[in-house]
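Here are the chains, one letter per residue:
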Amino acid sequence: MKIADKEHSAVATIKHALEKAHKFQSRYNVFNWINDDAIKRAEEIDARIARGEKIGRLAGVPYALKNNFLSRQGGTTASAKILTEFSSPIDATTVAKLEAEGAIMIGRTNLDAFAHGSSTENSYFGTTKNACDFERVAGGSSGGSAVAVALGIVDFATGTDTGGSIRQPASFNGVYGFKPTYGAISRYGVVAMASSTDCIGFFTQNARDLDLLMRISAGQDSRDLTTLPNFYQDSKVQEVRKIGIIEDFDPEHIDTEVLNIMQKRVEQLQKSGYEVVKLSMPALKYALPAYYIIVPAEISSNLSRYDGVRYGWRSEEARDLDELYKQTRDQGFMPENKRRIMIGNFVLSAGFYDAYYLKAAKARTLIIQEYMRAFKQCDLILSLVAPNPAFKLGSKTHDPVSMYMEDIMTVPVSLAGLPALSIPVGKTAAGLPVGLQLIGPQRSDRTLLRFAEQVADLGCGEQNITESNKREEK
Amino acid sequence: MEINQETVSHLATLSDLALEEDEAQKFEGDIEEIIKYISQLDELDTADVEPTYQVTGLENVWRVDEIRPQEVSSEELLVLTKDTEKQQIKVPRVL
């Protein structure tokens, strides 16, 4: 990341980023809102530099904010109609920390409404297109953020990852996407989806920038009591020698090109002296059904607060309070929001709780135990991010279960609260990016990021950024 | 299990959603498919397994019981709602 200094003015950097943002917007639909006032913030940074004042570690660096983070700049809608008239009076802790270091938000990025989705097609503000092929999806739910970094509009973007919402769009657009250990970064001021797996993370063009962003944003916050006592900054980088490969995913359901790219990278690591250990993890097969019980259950609870009364959009047709709630929620949520709320209420309702919710919570224990056994045999796990590269727009929107299958390799990690990083490692013949997922034990975040740097140095990391810049010049 | 319009309508009530008829019909099939999918958990033996609800082992995180200054004033919060009267949020009749 280039921070502002005497040679690179913040104003020039931000102007350039805003120009790109406007230029790409009509084609890719990256943003819900572009912050033209960002120039004023850049002017303040330049004035501070001119006065010789101390500036932050992100001074003048443009970033994009996933539109489910509260910030006093622009409206936070979570890309849903029900929040279209909401402007936050506070900043999320993460936003406050980034801006205290001088980072400048140039736009709020599109997502599947309330982060429910794997393609950014469930947004009230339309679909975001893939950075490499605009007949294909950006992935999701943080699709806008992934594309903003892939197109080189910003140096980094924030994301949230409940079951893969950072890692999968990172893979689909050829950028780095990091979901830290559960509780590493405060979620205060971020629209809640499923509180037992929601994580804040980032998209960047390299692993080193992720380390800087973690140094700035990780840490305990008295406003989010699930945050872990500070560990990132002081944790030791462990040596990585053994890399685990999960054997249990059925190759029949995985795209051959994606499998070949993975195979090639594994061989490359072996040649570089890493030991590759094969892991049998049969319980992972049950992670996706368990996830689609636990997460809707938590969603049904977290989304009960949206009723049109205290903030956001309100249906004007209601004759009484009950109608106000029901009509506001019916018209304000996207279909996928409603499906998840209803499934959540189903699995929690009397007569079904034991068979679904409790069963899933027990499956979660077995999944966690399986990872603990795995990390006795290896230092990190290497896996695919998704079973396929970015798919065609509209190809999964009519079949919710096929969309859920997109998350099959990312949700097990979320249920166990582990850190995981999607790194760009190659492209299919059609030029679609493919990412691999590095997974570590809880609190191994620094080791994971350091290892990703080493992998990139081996030539495994392949970035999409140069091509998107080329495209821009056309 | 079989999902019918009665189940959908019950879930819509629990969810505070006034579903239109065509959407309720579409959801009937969707919800049945989803429940069929998540029901594969039945195969998994979970006898003697404790459930997990929290993954990092944090328990009882206390803070000092003290009054802290509020970041946001009631005026700043009231501007977020549609209709107010005498510093209160106004809604349509309840009954």
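Calculation criteria
Residues numbered from 1 in each chain as written. Chains lettered and ligands numbered in written order. Predicted model: local features only at pLDDT ≥ 70, side-chain atom pairs only at ≥ 80, totals over all residues. Heavy atoms only, no water. Contact = heavy atoms within 4.5 Å. Buried area = accessible area lost by both parts, 1.4 Å probe. Salt bridge = Lys/Arg side-chain N within 4 Å of Asp/Glu carboxyl O. Helix = DSSP H or I, 4+ residues; strand = E, 2+ residues; numbered from the N terminus. Nonpolar A, V, L, I, M, F, W, Y, C, P; charged D, E, K, R; others polar. Buried < 20%, exposed > 50% of the residue type's maximum accessible area, 1.4 Å probe, protein only. 1 Å grid on protein atoms, 1.4 Å probe; cavity = no way out; pocket = protein on both sides within 12 Å on 5 of 7 lines; lining within 4 Å. Points joined across faces, edges and corners; volume = space filled by probe spheres on them. Core = buried A, V, L, I, M, F, W, Y, C linked by side-chain atoms within 4.5 Å. Lys, Arg positive; Asp, Glu negative; His and termini not counted. Polar contact = N/O pair within 3.5 Å; in protein donor to acceptor, adjacent residues only side chain to side chain.

## Considering the interface of chain A and chain B
One frequently used descriptor of interface size is the decrease in accessible area upon assembly of the parts.
Argument step 1. Tallying the contact residues gives 74 residues for chain A and 55 residues for chain B.
Argument step 2. Carbon and sulfur atoms supply 66% of the area that chain A and chain B bury against each other, a total of about 5,700 Å² over both sides.
Argument step 3. In terms of surface lost to chain B, no three residues of chain A exceed Tyr-286, Met-342 and Lys-359 of chain A, which account for 12% of the buried area on that side.
Argument step 4. Residue Glu-71 of chain B is joined to Arg-223 of chain A by a salt bridge in which the shortest nitrogen-to-oxygen separation is 3.3 Å.
Argument step 5. Secondary structure elements with two or more residues in the side of chain A that touches chain B: helix H8 (287–302), helix H9 (321–332), helix H10 (335–348), helix H11 (354–377), helix H12 (400–404) and helix H13 (411–416) of chain A.
Argument step 6. In terms of residue count, H11 of chain A provides more of the side of chain A that touches chain B than any other element does, 12 residues in total.
Argument step 7. Its residues assigned to classes, the side of chain A that touches chain B shows 43 nonpolar, 13 polar and 18 charged.

## Observations regarding the pattern of salt bridges
Argument step 1. All told, the structure shown has 27 salt bridges over all chains when counted by the stated rule.
Argument step 2. Note that Glu-323 of chain A and Arg-319 of chain A form a salt bridge whose closest N and O atoms lie 2.6 Å from each other.
Argument step 3. The exposure class assigned to Arg-319 of chain A is exposed, which follows from its relative accessible area of 58%.
Argument step 4. One network of salt bridges, in which partners are shared, links Glu-336, Arg-339 and Arg-340 of chain A together with Lys-26 and Asp-30 of chain B.

## What to know about empty space enclosed by the protein
Residues and elements named next belong to chain A.
Argument step 1. Using the criterion set out here, one finds five cavities of 30 Å³ or more in the structure.
Argument step 2. Approximately 80 Å³ is the volume attributed to the largest cavity.
Argument step 3. As for the largest cavity, its lining consists of 13 residues, of which Gly-117, Ser-165, Tyr-291, Tyr-292 and Asp-407 are closest to the centre.
Argument step 4. In this model, the second largest cavity occupies a volume close to 50 Å³.
Argument step 5. Lining the second largest cavity are 10 residues, with Leu-269, Leu-382, Ile-423, Leu-438 and Val-455 positioned closest to its centre.
Argument step 6. Elements with a contribution of two residues or more to the lining of the second largest cavity: helix H7 (256–271), strand S11 (433–439) and helix H14 (445–457).
Argument step 7. Partitioned by chemical class, the residues of the lining of the second largest cavity number nine nonpolar, no polar and one charged.

## Some thoughts on the nonpolar core
The tendency in soluble globular proteins is for nonpolar side chains to be buried side by side.
Argument step 1. If you look at the biggest cluster of nonpolar residues, it comprises 136 residues, and the most contacted ones within it are Phe-114, Tyr-371 and Ile-381 of chain A.
Argument step 2. Within the second largest apolar cluster, 36 residues are counted, among which are Ala-17, Ala-150, Ile-153 and Ala-157 of chain A.

## Structural notes on the side chain of Lys-66 of chain A
Residue and element names in this part refer to chain A.
Argument step 1. By the element assignment, Lys-66 lies in strand S2 (residues 62–66).
Argument step 2. The buried charged residue Lys-66 lacks any salt bridge partner; its closest oppositely charged side chain belongs to Asp-112, at an N-O distance of 7.5 Å.
Argument step 3. Here the side chain of Lys-66 touches Ser-141 through a polar contact of 2.9 Å, side chain to side chain.
Argument step 4. Not counting the four nearest positions on each side in its chain, Lys-66 is found in contact with Thr-109, Leu-111, Ala-115, Ser-141, Ser-142, Ser-145, Thr-158, Gly-159, Thr-160 and Ser-165.

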